[in-house]
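Topology and contacts: notes
Now for the letters of each chain:
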Amino acid sequence: SVDQLHAIGETEAEREEIHVSLLEAFDGWLASEGMRFANARVHILDLAQVHALERRGYRYIETTLTNCLDVRKERFSLPEGYVIRAPKEGETALLVGMTKDAFVTHRFYADPGFPRKKVDEMYERWVESSLTSPAWTTIVLDKDGDAKGFFIYKIEDLRKHIGLRITKWRMGVLGGDDRAQGHGIPLFQGAMDYVRAESDIVDSGLSLRNTKSFNLHTKLGFRGLAFSSTYHKWL
């Protein structure tokens, strides 16, 4: 994964050539190490990076929106009948099953180089590992005793650096039979109310291919911060 490309030049064309040289060297390293796949995420406003990736054979996959909500200024409450709770013992299989077809707009499904079955398994393992990881917290949306969905998140205490505690969403999922049934807003409302006592900002990211998620974030007042595009390359 290319986490950062940075070049200094007087013109965009000059910066593009620097990026091309960097990527050429990187591609050489990939080949020497026997790598099969590489990906890069760059800000869409930096056309020097975008054009350099295109010239080196990297293929556009998706655009991601990073957005946030200041929960110090907003108040959310769950509609009647809903509760937010911790996962119950023996509930892992149920929550893992909710990932089926939940992420079909994401980049691993958009790239035909990844076998669909393997991608399904990857998301299942992400949920399984998150449920047992001390680094992540899972909360479940329950309505009248039935689990409808869940959120996985962690809180970063950055008060000594920027004076804020930030909740980072890892994933939010509704069960297959519970999608488009009006549970999405309660899931978000409940999750944000749940973390409000321990955080100041909720930080979220979504693929613009997922219009339902985009509209839900917008309806709840999330503010766009940045757009980035993801590129894949198979060697």
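Now for a look at the structure at hand. As the structure is a prediction and not an experimental result, all values here were calculated from the model.

Our next topic: helix α7 (residues 184–195). The terminal C-alpha atoms of α7 lie 17 Å apart, and with 12 residues this matches the ideal 16 Å at 1.5 Å per residue to within 8%. Taken across its 12 residues, α7 has nine buried, putting it largely inside the fold. Inspection of α7 places Gly 184, Pro 186, Leu 187, Phe 188, Gln 189, Gly 190, Ala 191, Met 192 and Val 195 among the buried residues, and these make up the whole buried set.

Moving on, we get to the packing of aromatic side chains. Tallying each qualifying case throughout the model produces 13 aromatic pairs. Their ring planes at 80° and their centres at 5.2 Å tell us that Tyr 123 and Trp 126 sit as a pair that is edge-to-face. Linking Tyr 123 with Trp 126, this pair stays in helix α5 (residues 116–132), spanning three residues, or about one helical turn. Residue classification places Trp 126 among the partly exposed residues on the basis of a relative accessible area of 31%. With a centroid separation of 5.9 Å and an interplanar angle of 85°, the aromatic rings of Tyr 153 and Trp 169 are classed as edge-to-face. Of this pair, Tyr 153 sits in strand β5 (residues 146–158) while Trp 169 sits in strand β6 (residues 164–174), and the two are 16 residues apart along the sequence. Among the aromatic residues, those joined into a ring-pair cluster are Phe 151, Tyr 153, Trp 169, Phe 188 and Phe 222.

So, on to the nonpolar core. Soluble, globular proteins show a tendency: their nonpolar side chains are buried together. In this structure, Phe 151, Trp 169, Phe 188, Met 192, Val 202, Leu 220 and Phe 222 are the most contacted members of the largest nonpolar core, which totals 20 residues. Only β3 (82–85), β4 (137–143), β5, β6 and α7 provide two or more residues apiece to this core. For Phe 151, the residues in contact, after removing those within four places along its chain, are Thr 137, Thr 138, Ile 139, Trp 169, Met 171, Gly 172, Leu 187, Phe 188 and Ala 191. Val 96, Met 98, Phe 108 and Ala 147 belong to the second-largest nonpolar core, a separate cluster that totals 16 residues.

Our next topic: the sheet that holds β4. Strand order in the open sheet made by the eight strands is β1-β8-β2-β7-β6-β5-β4-β3, with mixed pairing throughout. Of all the strands in the sheet, just β1 (37–43) and β3 have a single pairing partner and so form its edges. If you compare each strand with its neighbour and ignore which way they point, the axes differ by 25° on average. Alignment of strand β2 (residues 59–70) against strand β7 (residues 201–207), held across seven bridges, turns out to be antiparallel. Bridged to Asp 70 within β7 is Ile 201. Most of the contacts of helix α2 (residues 47–55) go to β1, to which it runs at about 160°, and overall it touches β1 and β8 (223–234).

What follows covers the side chain of Gln 189. Summarising the element assignment, Gln 189 is placed in helix α7. Classification of Gln 189 by relative accessible area gives buried; the value is 17%. Excluding residues within four positions of it along the chain, Gln 189 makes contact with Phe 76, Ser 77, Pro 79 and Leu 220.

Another point: the environment of Ile 162. Along the chain, Ile 162 falls in helix α6 (residues 159–162). Sequence-wise, Ile 162 and Ser 77 are 85 residues apart; in three dimensions their C-alpha atoms are separated by 28 Å.

One way to put it is that α7 packs onto helix α8 (residues 211–219) with a least axis distance of 11 Å and a crossing angle of 50°. Looking at the two axes, α7 sits oblique to α8. As for how α7 packs across α8, the hand of that crossing is right-handed. Residues Gly 184, Ile 185 and Phe 188 of α7 form the contact with α8, whose own contacting residues are Leu 216, His 217 and Lys 219.

Definitions and cut-offs
Residues numbered from 1 in each chain as written. Predicted model: local features only at pLDDT ≥ 70, side-chain atom pairs only at ≥ 80, totals over all residues. Heavy atoms only, no water. Helix = DSSP H or I, 4+ residues; strand = E, 2+ residues; numbered from the N terminus. Expected span 1.5 Å × (residues − 1). Buried < 20%, exposed > 50% of the residue type's maximum accessible area, 1.4 Å probe, protein only. Phe/Tyr/Trp six-rings, centres within 6.5 Å; stacked < 30°, edge-to-face > 60°. Core = buried A, V, L, I, M, F, W, Y, C linked by side-chain atoms within 4.5 Å. Contact = heavy atoms within 4.5 Å. Pairing = 2+ DSSP bridges. Axes fitted to C-alpha atoms, helices over the stretch in contact; angles between N-to-C directions. Parallel < 35°, antiparallel > 145°, perpendicular 65-115°, else oblique. Left-handed = near helix turned anticlockwise from the far one by under 90°.

This is a description of form; function is not addressed.
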